[in-house]
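Analysis of the macromolecular model
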Amino acid sequence: MKSVLRIACSRKHLQQVRDFVRNYLSSRQLSEVMVNQVVLAVDEVVANFIIHANGEDETQFLDLEMTFDAHSLNVEIADHGDTIFLPAPHQNPDLRDYIRQGRKGGMGMTLVNRLMDRVEFFTRGNHTVCHLSKNVS
Amino acid sequence: MKVTAQPSADTLTLLLDGELDASSAIVLDTELAKPDILNYRKVLIDCAKLSYISSAGLGVFISHLQRFQDANVKLVFFNMQEKVFNVFEILGLDALMTIVPSVTEAEAA
């Protein structure tokens, strides 16, 4: 079963994205923690696309597609903006340093990489696509 | 996301209700940035109705923690749902912040 969602690039749609992911996962017997981990990973990638790749330009949009194969949940998030957005290679943030500096950001992609089994960003034409997958068997 | 402030003598309790994400984090940030919050000895965060937190929500707490520590204001989380605590754990924030099970332990912390 495949499920798709298109949203405009505004952070006010993040709730809609989370509801979409929760609704898709509700057919499976997954723990609340597991569901929340997938919801969080998708929310973080979508927020990055909305805020950093598209500057919250509501004329731009993102497409989400969720599928299950034999053992894994797969999520594709396709950005239709023209800015190629490829996050820097994953680094482990020094949180004590973040606290000292009073930093607000910089943890989102760390979370995504720790929550999902596979995280890939690549280009398709002039656009950026993110694939996430997680073993949920 | 709704934030309700309950002040008492030397303690401010903030009740969080809803989902804390990149859209709603500003509500909490505004509350924690108020200058008079540093007049309290302790700020307790009641997470019973906090059903979701993203890195933007965590970032709000991280960004104010040093300011609180410099002013000797203790920040304590309690009543946290398992799925929310799991997010703190994944980043290792459970070792850097005070998170206790109940209000009794929060008041004693």
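Residues numbered from 1 in each chain as written. Chains lettered and ligands numbered in written order. Predicted model: local features only at pLDDT ≥ 70, side-chain atom pairs only at ≥ 80, totals over all residues.

Even without being glycine, Glu56(A) reaches a positive phi, approximately 55°. Structurally, Glu56(A) is set in the loop between helix 2 (32-53) and strand 2 (61-68). Note on Glu56(A): 13 C-beta atoms within 10 Å, which makes it partly exposed. Even without being a glycine, Asn79(B) presents a positive backbone phi close to 60°. (Helix = DSSP H or I, 4+ residues; strand = E, 2+ residues; numbered from the N terminus. Buried ≥ 20, exposed ≤ 12 C-beta atoms within 10 Å, placed from the backbone.)

Further remarks concern the interface of chain B and chain A. Of the residues lining the interface, 25 residues belong to chain B; the matching set on chain A comes to 28 residues. Mapped by element, the contributors of at least two residues to the side of chain B that touches chain A are helix 2 (55-70) and helix 3 (82-91) of chain B. If you tally residues by element for the side of chain B that touches chain A, the top one is helix 2 of chain B, at 10 residues. (Contact = placed C-beta atoms within 7 Å.)

All names here are of chain B. End to end, helix 2 covers 23 Å across 16 residues, agreeing with the expected 22 Å (1.5 Å per residue, within 8%). Of all bends in helix 2, the biggest is about 35°, found at His64. For helix 2, the full list of buried residues reads Ser55, Ala56, Gly57, Leu58, Gly59, Val60, Phe61, Ile62, Ser63, His64 and Leu65. Looking at the residues trailing helix 2, positive phi occurs at Asn72, about 55°. (Expected span 1.5 Å × (residues − 1). Bend = angle between axes of the 7 residues up to and from the residue.)

Take the environment of Gly102(A) next. In this fold, Gly102(A) is placed in the loop between helix 3 (95-101) and helix 4 (108-115). Overall, the presence of 13 C-beta atoms within 10 Å leaves Gly102(A) in the partly exposed class. Measuring from C-alpha to C-alpha, the distance between Gly102(A) and Gln29(A) comes to 39 Å, with 73 residues separating the pair along the chain. Residues within four places of Gly102(A) in sequence aside, it is in contact with Ser63(B), Gln66(B) and Arg67(B).

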